[in-house]
Amino acid sequence: MLRDFFYLEGAYLILAGIILLITLFVTTRPFMSPAAPRKGMTVVAIVLALFIGIHFWITTSRIATVKAAFNAGKPVLCESRMLRKMAQSVEIRKGTASQWRIEGDNFVSPEYTRPFHIARCIVK
């Protein structure tokens, strides 16, 4: 679960760190009050943690929904990073000729060289 958190939210954690550094820089300027760094860092850290936590919860909920829909035989749309010019999404359905299966958090088919991460899919 912790590995999934860092994988799914890694970019946002890096951005949050940059935002915290900017907040620290701004709140330590001479024209700011002496209590500004403590107050500013606290408020910004809480807001960022809340947003990242909500994003992780929404993403993991969507992953669970997509896995359940796939196992029930419903169609799933996934973002295709391979075919940007023709089709920007691929429809995945269990039991079709392309032999889709789930390996970890990825949809895999022998017809496609790259797996599709379930976090980038939605139920059709």
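Before reading on, note that the structure itself is shown above.
Summary of the structure given here. Every value quoted in this text rests on a predicted model; they were computed, and no experiment measured them.

Turning our attention to the sheet that holds strand β4 (residues 106-108). Read across the open sheet, the 3 strands follow the order β3-β4-β5; overall the sheet is antiparallel. Where the open sheet ends on each side, the last strands, each with one partner, are β3 (101-103) and β5 (116-117). As judged from the 3 bridges shared by β3 and β4, these two strands associate in the antiparallel manner. Across the sheet, E103 pairs through a bridge with N106, a residue of β4. Each of β3, β4 and β5 touches helix α2 (residues 36-71); the most contacted strand, β3, lies at about 145 degrees to it.

Because an α-helix packs 3.6 residues into every turn, residues spaced three or four apart end up facing the same way. For helix α1 (residues 2-27), spanning 26 residues, the distance from its first C-alpha to its last is only 32 Å, which falls clearly below the expected 38 Å at 1.5 Å a residue. Along its length, α1 shows its largest kink, about 70 degrees, at E9. Within the sequence span of α1, burial applies to F5, L8, E9, G10, A16, T23 and T27. Tucked inside the fold, the buried residues of α1 contact α2 and β5.

Right, let's talk about the side chain of H117 for a bit. With respect to the element layout, H117 can be found in strand β5. From its side chain, H117 meets the backbone nitrogen of A119 in a polar contact 3.0 Å long. Contacts of H117, omitting those with residues within four sequence positions, involve Y7, L8, I63, D105 and N106.

Analysis parameters
- Residues numbered from 1 in each chain as written.
- Predicted model: local features only at pLDDT ≥ 70, side-chain atom pairs only at ≥ 80, totals over all residues.
- Heavy atoms only, no water.
- Pairing = 2+ DSSP bridges.
- Helix = DSSP H or I, 4+ residues; strand = E, 2+ residues; numbered from the N terminus.
- Contact = heavy atoms within 4.5 Å.
- Axes fitted to C-alpha atoms, helices over the stretch in contact; angles between N-to-C directions.
- Expected span 1.5 Å × (residues − 1).
- Bend = angle between axes of the 7 residues up to and from the residue.
- Buried < 20%, exposed > 50% of the residue type's maximum accessible area, 1.4 Å probe, protein only.
- Polar contact = N/O pair within 3.5 Å; in protein donor to acceptor, adjacent residues only side chain to side chain.

This is a description of form; function is not addressed.
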